[in-house]
Amino acid sequence: MNMSLSLPYRLRQVRAYSATSQDIAPTLCADAQHRLTEPMAHQFRILPKGDQRHLVAVYQRLLNETDDDDTITAGLIHDVGKACAKCRITLMDRGFHVILSRIAKGPYRAFATRETAPGWCRGLHRLANHAERGALAAEQAGYNDRVIYLIRCHERGGDPSDTQLALLRRIDDEVWRS
Ligand SMILES: [Fe+2]
Ligand SMILES: [Fe+2]
């Protein structure tokens, strides 16, 4: 995520997410289905529908921007760490995630690395550590090291000269904005 974007802008994105987040799952084309291993297809389908639609939109944009298969696959599943069968990510969680990741970076990262969180903030905890959880889910679901790396670093970290990682981040932001 491009942290140079303003906080009000980010909060407007959250509001836009809620406005478009009706219960409509996206249709996956044959190519997208082919990129989901069986365990990953399960993870994908337990994501909130709005997140599923975001991932499909990022995937479709990447198809037009790169021939790099790993980046396209990572685009399709980069937020899969938000999938949670036992917790619900609320709109308030999404708003707090935006605010805390900007104004309390260090403590918020420490919160993200906690193994568990109390029930009342489980949704926020899931958002805080979704990149790492997504990377672990991809590892368990049989994806290669490059896809796992792109997922792990899609919001921060990684090699600054990695053009494919930069592309994934740019498209992720642009889809949020659209
Ligand atoms: Fe993300
Ligand atoms: Fe995303």
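A brief structural summary. Everything numeric here is computed off the predicted structure, so don't read it as measured data.

**Re the overall build of the chain**
1) Next: For the chain, the helix and strand inventory stands at 11 helices and 0 strands.
2) Next: Moving toward the C terminus, one meets the helices and strands of the chain in the order α-α-α-α-α-α-α-α-α-α-α.
3) Next: In summary, the chain has a C-alpha radius of gyration of 15 Å against a globular reference of 16 Å for 178 residues, a match within 12%.
4) Next: Going through the 178 residues of the chain one by one, you find that 35% of them count as buried.
5) Next: Counted over contacts in the chain with a minimum sequence separation of 6, partners at least 24 positions apart contribute 74%.

**A closer look at the nonpolar core**
1) Next: Ranked by internal contacts, the top residues of the largest apolar core, which has 28 residues, are Y59, I77, V80, A138, V147, I148 and I151.
2) Next: Those residues within four positions of A138 in sequence are excluded, and the remaining contacts are I77, Y143, V147, I148 and I151.
3) Next: Grouped together as the second largest cluster of nonpolar side chains are 5 residues, I89, A112, L124 and L127 included.

**Here's the deal with helix α9 (residues 130-140)**
1) Next: Taken together, the buried positions of α9 are H130, A131, R133, G134, A135, A137 and A138.
2) Next: Tucked into the core, α9 has its buried residues touching α3 (38-45), α5 (69-77), α8 (122-128) and α10 (145-152).
3) Next: Count one or two residues on from α9 and you reach G142, which has phi positive near 90 degrees.

**Examining the packing of α5 against α10**
1) Next: Where α5 meets α10, the closest approach of the two axes is 9 Å, and the angle between their N-to-C directions is 50 degrees. Relative to α10, the element α5 is oriented oblique. Here the hand of the crossing between α5 and α10 comes out right-handed. Taken together, the residues of α10 that come into contact with α5 (itself represented by D70, T71, T73, A74 and I77) are R146, V147, L150 and I151.
2) Next: For the contact of α5 with α10, the residue count by class is 5 nonpolar, 2 polar and 2 charged.

**With respect to the packing of helix α4 (residues 49-65) against helix α11 (residues 163-177)**
What describes two packed helices is the angle between their axes and the distance between those same axes.
1) Next: Close contact between α4 and α11 brings their axes to 9 Å; oriented N to C, the two are set at 130 degrees. Comparing their axes, α11 and α4 come out oblique. Considering only the axes of α4 and α11, their crossing is right-handed. Contact with α4, carried on its side by H54, A57, V58, R61, L62 and E65, involves L167, I171, D172, E174 and V175 of α11 and no other residues of that element.
2) Next: The residue makeup of the contact of α4 with α11, split by class, is 6 nonpolar, 1 polar and 4 charged.

**Some points on the environment of R109**
1) Next: Turning to its location among the elements, R109 is positioned in helix α7 (residues 105-113).
2) Next: Taking the C-alpha atoms as reference points, R109 and N129, separated by 20 residues in sequence, lie 8.2 Å from one another.

Definitions and limits used
- Residues numbered from 1 in each chain as written.
- Chains lettered and ligands numbered in written order.
- Predicted model: local features only at pLDDT ≥ 70, side-chain atom pairs only at ≥ 80, totals over all residues.
- Helix = DSSP H or I, 4+ residues; strand = E, 2+ residues; numbered from the N terminus.
- Rg over C-alpha atoms; globule rule 2.2 N^0.38 Å.
- Buried ≥ 20, exposed ≤ 12 C-beta atoms within 10 Å, placed from the backbone.
- Contact = placed C-beta atoms within 7 Å.
- Core = buried A, V, L, I, M, F, W, Y, C linked by C-beta atoms within 7 Å.
- Axes fitted to C-alpha atoms, helices over the stretch in contact; angles between N-to-C directions.
- Parallel < 35°, antiparallel > 145°, perpendicular 65-115°, else oblique.
- Left-handed = near helix turned anticlockwise from the far one by under 90°.
- Nonpolar A, V, L, I, M, F, W, Y, C, P; charged D, E, K, R; others polar.

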